[in-house]
Structures are given as structure tokens and as C-alpha cells.
Amino acid sequence: MANPLLVNVAELTRRAGSEKLIDVAVDVNHFNFDDRRVTATEVPIRLHLESVNGGIAVCGELSMEWSDQCSRCLKPVQGVATTAVNELYQQLVTDPDAY
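Because the structure is a prediction, the values reported are computed rather than measured.

Observations concerning the overall build of the protein
- For the protein, the helix and strand inventory stands at zero helices and four strands.
- Going residue by residue from the N terminus, the α and β elements of the protein occur as β-β-β-β.
- For the protein, whose C-alpha radius of gyration is 17 Å, the value lies well above the compact-globule estimate of 13 Å for 99 residues.
- Principal axes of the C-alpha set define a box for the protein whose edges measure 55 × 35 × 20 Å.
- Taking as baseline every contact in the protein between residues at least 6 positions apart, the subset at least 24 positions apart corresponds to 42%.
- When the accessible area of the protein is evaluated, it comes to approximately 7600 Å², of which 49% is carbon and sulfur surface.
- One way to put it: in the protein the 8 positive side-chain charges average out to a point 6 Å from where the 14 negative ones average out.

So, the nonpolar core
- Membership of the largest hydrophobic core comes to 13 residues, with the highest contact counts inside it found for Val-43, Ile-45, Leu-47, Leu-49, Ile-56 and Val-58.
- For this core, the elements supplying multiple residues, two or more each, are strand 1 (19-27), strand 2 (42-52) and strand 3 (55-69).
- Among the elements that take part in this core, strand 2 stands out by supplying four residues, more than any other.
- The residues touching Val-43, leaving out its near neighbours within four places in the chain, are Val-24, Ala-25, Val-26, Val-28, Phe-31, Phe-33, Leu-62, Ser-63 and Met-64.

Thoughts on the sheet that holds strand 4 (residues 76-90)
- On the basis of which strands lie adjacent, the open sheet formed by four strands has the order 1-2-3-4 and antiparallel pairing. Each end of this open sheet is capped by a strand with a single partner; those strands are strand 1 and strand 4. Strand after strand, the sheet turns through a mean of 15° between neighbouring axes, direction not considered.
- Sheet topology places strand 1 next to strand 2; nine bridges connect them, and they run antiparallel. Note on strand 2: the bridge partner recorded for Ala-25 is Pro-44.

Here's the deal with the environment of Glu-50
- Within the element layout of this structure, Glu-50 appears in strand 2.
- You can call Glu-50 partly exposed: its relative accessible area is 29%.
- In this structure, the C-alpha to C-alpha distance between Glu-50 and Leu-88, residues 38 residues apart in sequence, is 9.6 Å.
- Apart from residues no more than four positions distant in its own chain, Glu-50 is found in contact with Gly-17, Ser-18, Glu-19, Gly-55, Ile-56 and Ala-57.

Structural notes on the pairing of strand 4
- Two elements, strand 3 and strand 4, share 15 bridges in a ladder whose sense is antiparallel. Counted as the bridge partner of Gly-60 is Val-85 from strand 4.
- Remark: six residues form the turn of the hairpin made by strand 3 and strand 4, two consecutive strands paired antiparallel; Leu-74 in that turn has positive phi of roughly 65°.

Each value, and the rule that gives it
Residues numbered from 1 in each chain as written. Predicted model: local features only at pLDDT ≥ 70, side-chain atom pairs only at ≥ 80, totals over all residues. Heavy atoms only, no water. Helix = DSSP H or I, 4+ residues; strand = E, 2+ residues; numbered from the N terminus. Rg over C-alpha atoms; globule rule 2.2 N^0.38 Å. Contact = heavy atoms within 4.5 Å. Areas by Shrake-Rupley, 256 points an atom, 1.4 Å probe, with all protein chains shown as cover. Lys, Arg positive; Asp, Glu negative; His and termini not counted. Charge placed at Lys NZ, Arg CZ, Asp CG, Glu CD. Core = buried A, V, L, I, M, F, W, Y, C linked by side-chain atoms within 4.5 Å. Buried < 20%, exposed > 50% of the residue type's maximum accessible area, 1.4 Å probe, protein only. Pairing = 2+ DSSP bridges. Axes fitted to C-alpha atoms, helices over the stretch in contact; angles between N-to-C directions.

Structure representation (C-alpha cells):
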């Protein structure tokens, strides 16, 4: 099975300003989380890739469902953990702290 996290960016690198949207749901087992609080079966990933001079800027978000027990009242609690992604992939690293 193909890796859903590998993205062909050949067309993006041909012209600065080219964009690509990625919207996939990846099986949670792909990440090898070792945390019993993770209840999600899939991790939705929404990314916006844009070709910039010398690389590709990636921004978007990942989210996943979780559940646990409140340590104060012992009632079940649940929610969705969401994190932002802001990365710059450079062909030649000119600034390692770019993002």
C-alpha cells in the first residue's frame, strides 16, 4: 500500500507560487502512538503546499480524537487534539530556523 504521507511535488517545484491541497485521513497505526488516550482510528490531515523560491512551504493542521478520565472527578472526558503545521522544506538549507 502506498504511503499517504508521501506527496509528489515535482509539479510544484517547476514554478514559484504553485499550490497543492492535501486532505487525507491516515490510519492512526501509521504513527505508532503509544498512548492509551488516543481513541481515533484515523488522523485527518489538511495541508496547503506552496512552491516558494528555493523550497516548498507547508501549512495546515492535524487532529485526532482522545479520551481519558478526569483526575479530579473521575468522570470520562474526551476531545479533539489539533496541532498546526508550518514547515519550510528547502532544496538547499539556507536557514535551518526558517520556520
